[in-house]
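Observations on chain architecture
Spelled out from the first residue to the last, the chains are:
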Amino acid sequence: MSSNVWRDTWLMTRRNVKTTLRNPFSFIPNLMISAFFLLVYEGGLSGISQLPTFEGANYLAFILPVSIVSAAIGGAGGAGQSIVKDIENGFFSRLLLTPASRLSIVLGPIIAGMLQLFVQTLLIIGIAFLLGLEVQTGMGGVLFVLLIAIGWGLAFAGYSAGVALRTGNAQAAQAGTFIFFPLIFLSTTFVPYELIDAQWLKIAAVINPTTYIFESMRTVLIDGWVFWDMMQGVIAITIVSTLTITFAAVSAKRAVSRG
Amino acid sequence: MNGKIVVDHLSKTFKKGGVQAVKDVSFKVEEGEFFAFLGPNGAGKSTIVQILTTLMNATSGTAFVAGFDVIKEPEKVRRHIGAALQETGVDPDLTGREMLELQAWIFGFGKREGRLRAEELLDIVQLTEAAERRIGRYSGGMRRRLDLALTLVHEPAVLFLDEPTTGLDPSNRMAVWEELRRLNKDKGTTIFLTTQYLEEADNLADRISIINDGEIVASGTPKELKARIGSDLIALTPVDGGDEDRTLHLLKSGLMDADVIRKQEKILIYVEEGTRQLLEVARILDRENIEVEDIQLSSPTLDDIFLKITGEGKRSYEQ
Ligand SMILES: Nc1ncnc2c1ncn2[C@@H]1O[C@H](COP(=O)(O)OP(=O)(O)O)[C@@H](O)[C@H]1O
Ligand SMILES: [Mg+2]
């Protein structure tokens, strides 16, 4: 019966994409906040880039990763939200009553969330180009940035789906999302590490994996193909997504098993 | 493939709270039979339905549905059953038609067959006109009917319905009853229905088990149960200060084929033929000069039945 996994996953994903598009307010606010980072900080803070530490880099390219990570987290969070919605509507049980593969029932919303993330990230990059973005490494660099966004989104999707499956409760899943958002700010969000004043924020930035995501994206956007600087993000994604996807898998197993 | 349900010494204790919701329950439902579980809130009906539909594991005991073990072969069971749980399971952002098509495709229908099946079912549950509307805008009754249609997509051999008419208005209730009767008679679908309403079980089921506090306390055809319980109920309220013990005694000895019990300030008389017996009761009261404040003839409610069964000791009602 496992031959149906693909077909089931396709059916589930398509349905999740459809219902997401029917609820534009589930993604428009996040998209606007992400675009806001670009427009407002590029407009208001770009003077910072005249400082010597920036070595003349374009502030737009510096702030873009913040906008992308915010869009990625919002998009991937859609996975958890769909799952919670299904549990609350009793639809999750309806699916468990069908012969649909258990994997597809959980995978559908996660894939749909990743697609949402992909589109949102593309839109943000598009806006950045309209604002005059120049990428040091060209289209290859944009592709790398997209891959990092997807990787980090997957890490977050695992986390949000895990929380959703464990609690089955919209408020709890929402609260779970809010833990990820501050991570965006406890980092080298607006200025490079060298310009951070407060000791506590320096420590937070070093511990915070988001910092490495930002750094690897900025590497290709501003500096060029610097292998080890790019790898920081890849390593952070590997570690965090291993943890969150394991968490999601364990929670999923519990949710579809019959306690 | 068969439409039988065989449950043997089934028990369920919830880890959370330690509630023993199902206590050593055994019963059988034959192929094509319409079987009802009748019991109050918290009796354990939904727990049993969830175990039989593979959503939950039992603590001990075995259950076979459509010839397959619900614990060991859940995938096979799922292919042969349909279930409408106590809470409907629909996606409010899809239209009725999309919901049915999705269900059909999940059950392996081809693209076109799924479309046709959805069309057919929309017609059966009279939702064709609302087919293109989002389910979020459906009324409670429409949602229930759609939920029922969803369970029928793959023509299951066994259908589980957990309180399918609770919260429905009379016309929707009648529509659901009609459909269930048709399925059972025309298609030979085995139906396992739970309800809190005696009237519903009586109207639909070939056989009823009464469940209370996780245990089956009585089983039989509606006729058999009524013969034990009495299909009508005469409730009388003696005036204050009368000799209630004497009244009780006189009624008990004066009435044939009747069960007379006391419930607070009332005396309840369970009888087979209410109208005839009512005259008899009036005659006794008149002859003995007993005054009553109120006298009523009605059908017993589930409460009345439990009172009677537990009042007499449930041992004698076990099969
Ligand atoms: N998931 C659960 N966890 C703990 N206790 C439960 C759970 N589900 C039901 N119960 C308890 O089991 C008993 C039977 O519940 P249920 O099967 O829902 O009864 P019914 O459907 O007849 O109203 C109740 O005491 C209820 O509180
Ligand atoms: Mg129930």
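Relevant structure appears above.
Bear in mind that the values here come from a model prediction, so they are computed numbers and not experimental data.

Here we take up the pairing of strand E4 (residues 60-65) of chain B. Residue and element names in this part refer to chain B. Relative to E4, strand E1 (residues 5-13) runs antiparallel, the two being bridged by five bridges. Of the residues in E4, the one forming a bridge with Ile5 is Val65. Across two bridges, the pairing between E4 and strand E5 (residues 68-69) is antiparallel. In the strand pairing of E5, Val65 is matched with Phe68. Counting the residues between successive antiparallel strands, the hairpin from E4 to E5 contains two residues, one of them, Ala66, with a positive phi of roughly 55°.

Turning next to the site of ligand 1. Residues and elements named next belong to chain B. Near ligand 1 you find Phe14, Lys16, Val19, Ala21, Pro40, Asn41, Gly42, Ala43, Gly44, Lys45, Ser46 and Thr47, and these make up its full shell. In the model, an oxygen atom of ligand 1 is placed 3.4 Å from a nitrogen or oxygen of the Asn41 side chain. Gly42 has a polar backbone atom sitting 2.6 Å from an oxygen atom of ligand 1. With three residues, helix H1 (residues 45-52) is the single largest residue contributor to the shell around ligand 1. Here the shell around ligand 1 is built from residues that sort into five nonpolar, five polar and two charged.

Residues and elements named next belong to chain B. In total, this model carries 26 salt bridges over all chains according to the counting rule given. Between Arg181 and Glu178 there is a salt bridge, and its shortest N-O distance comes to 3.1 Å. With a gap of three residues between them, Arg181 and Glu178 both fall in helix H6 (residues 170-186), about one helical turn apart. The shortest N-O distance in the salt bridge between Arg262 and Glu244 comes to 3.2 Å. Highlighted residues: Arg262 in strand E12 (residues 259-263) and Glu244 in helix H9 (residues 244-254), separated in sequence by 18 residues. By relative accessible area, Arg262 is classed as partly exposed at 38%.

For the rest of this paragraph, the subject is the interface of chain A and chain B. Taken together, the contacts link 26 residues of chain A with 36 residues of chain B. Surface buried jointly by chain A and chain B totals about 2800 Å² across both partners, of which 53% is contributed by carbon and sulfur atoms. With its nearest N and O atoms 3.4 Å apart, the salt bridge here joins Asp91 of chain B to Lys85 of chain A. Only helix H1 (5-21) and helix H4 (91-96) of chain A provide two or more residues apiece to the side of chain A that touches chain B. For the side of chain A that touches chain B, the leading source of residues is H1 of chain A, giving seven residues. Taken together, the residues that form the side of chain A that touches chain B break down as nine nonpolar, eight polar and nine charged.

Our next topic: the sheet that holds strand E14 (residues 292-298) of chain B. Residues and elements named next belong to chain B. Read from one edge of the open sheet, four strands run E12-E13-E11-E14, paired in antiparallel fashion. Only two strands of the sheet have a single partner each, and these edge strands are E12 and E14. On average, adjacent strands in this sheet sit at an angle of 20° to one another, irrespective of strand direction. For strand E11 (residues 232-238) and E14, the ladder comprises six bridges, and the chain directions are antiparallel. Across the sheet, Ile234 pairs through a bridge with Leu297, a residue of E14. Set on the sheet, H9 makes contact with E11, E12 and strand E13 (266-271); between it and E12 the angle comes to about 160°.

The next point concerns the coordination of the magnesium ion (ligand 2). Within the protein, the atoms that donate to the magnesium ion (ligand 2) are Ser46 of chain B (OG) and Gln86 of chain B (OE1), at distances of 2.0 to 2.1 Å. With Ser46 of chain B in helix H1 and Gln86 of chain B in the loop between strand E6 (81-84) and helix H3 (96-106), this residue pair connects regions lying 40 residues apart in the sequence.

We now examine the packing of H9 of chain B against helix H10 (residues 274-287) of chain B. Residue and element names in this part refer to chain B. One can describe the packing of H9 onto H10 by two numbers: an axis separation of 10 Å at closest approach and a directional angle of 130°. Of the possible angle classes, the one that applies to H9 and H10 is oblique. Crossing hand, H9 versus H10: right-handed. Where H9 abuts H10, its residues Thr247, Leu250, Leu251 and Gly254 lie against Glu280, Val281, Ile284 and Leu285. For the contact of H9 with H10, the class distribution of residues is five nonpolar, two polar and one charged.

This part is about the layout of surface pockets. Gaps left between atoms show up when a probe the size of a water molecule is rolled over them. Residue and element names in this part refer to chain A. Its volume calculated, the second largest pocket comes out at about 540 Å³. Taken together, 26 residues line the second largest pocket, and the ones lying closest to its centre are Phe25, Ser26, Gly77, Gly78 and Gln81. Counting only elements with at least two residues in the lining of the second largest pocket, the list comes to H1, helix H2 (28-45), helix H3 (59-88), helix H5 (102-130) and helix H7 (170-185). It is H3 that provides the largest number of residues to the lining of the second largest pocket, a total of eight residues. Here the residues of the lining of the second largest pocket sort into nine nonpolar, 15 polar and two charged.

With that settled, the discussion passes to the environment of Ser187 of chain A. Residues and elements named next belong to chain A. As for its position among the elements, Ser187 is in the loop between H7 and helix H8 (199-207). When its relative accessible area of 4% is taken as the criterion, Ser187 is described as buried. Taking the C-alpha atoms as reference points, Ser187 and Lys202, separated by 15 residues in sequence, lie 7.7 Å from one another. Each residue touching Ser187, except ones within four places of it in the same chain, is listed here: Ile196, Leu201, Ala205, Asn208, Thr210, Thr211 and Phe214.

The subject of this paragraph is helix H4 (residues 111-124) of chain B. Residue and element names in this part refer to chain B. Between its first and last C-alpha atoms H4 spans 20 Å; for 14 residues at 1.5 Å apiece the expected length is 20 Å, and the two agree. Turning to H4, its buried residues number three or more, namely Gly114, Arg117, Ala118, Leu121 and Leu122. The arc that holds every buried residue of H4, seen down its axis, measures 135°, which confines them to one face. Structural note: H4 exposes Arg112 and Asp123 on the side pointing more than 90 degrees away from its buried face. Looking one or two residues beyond H4, the residue adopting positive phi is Gln126, at roughly 55°.

About the thresholds
- Residues numbered from 1 in each chain as written.
- Chains lettered and ligands numbered in written order.
- Predicted model: local features only at pLDDT ≥ 70, side-chain atom pairs only at ≥ 80, totals over all residues.
- Heavy atoms only, no water.
- Pairing = 2+ DSSP bridges.
- Helix = DSSP H or I, 4+ residues; strand = E, 2+ residues; numbered from the N terminus.
- Near = heavy atom within 4 Å.
- Polar contact = N/O pair within 3.5 Å; in protein donor to acceptor, adjacent residues only side chain to side chain.
- Nonpolar A, V, L, I, M, F, W, Y, C, P; charged D, E, K, R; others polar.
- Salt bridge = Lys/Arg side-chain N within 4 Å of Asp/Glu carboxyl O.
- Buried < 20%, exposed > 50% of the residue type's maximum accessible area, 1.4 Å probe, protein only.
- Contact = heavy atoms within 4.5 Å.
- Buried area = accessible area lost by both parts, 1.4 Å probe.
- Axes fitted to C-alpha atoms, helices over the stretch in contact; angles between N-to-C directions.
- Donors = N, O, S within 2.8 Å, 3.2 Å for Na, K, Ca; no water.
- Parallel < 35°, antiparallel > 145°, perpendicular 65-115°, else oblique.
- Left-handed = near helix turned anticlockwise from the far one by under 90°.
- 1 Å grid on protein atoms, 1.4 Å probe; cavity = no way out; pocket = protein on both sides within 12 Å on 5 of 7 lines; lining within 4 Å.
- Points joined across faces, edges and corners; volume = space filled by probe spheres on them.
- Expected span 1.5 Å × (residues − 1).
- Arc of directions from axis to C-beta.

Everything listed here is a matter of coordinates, which is why it stays silent on function.
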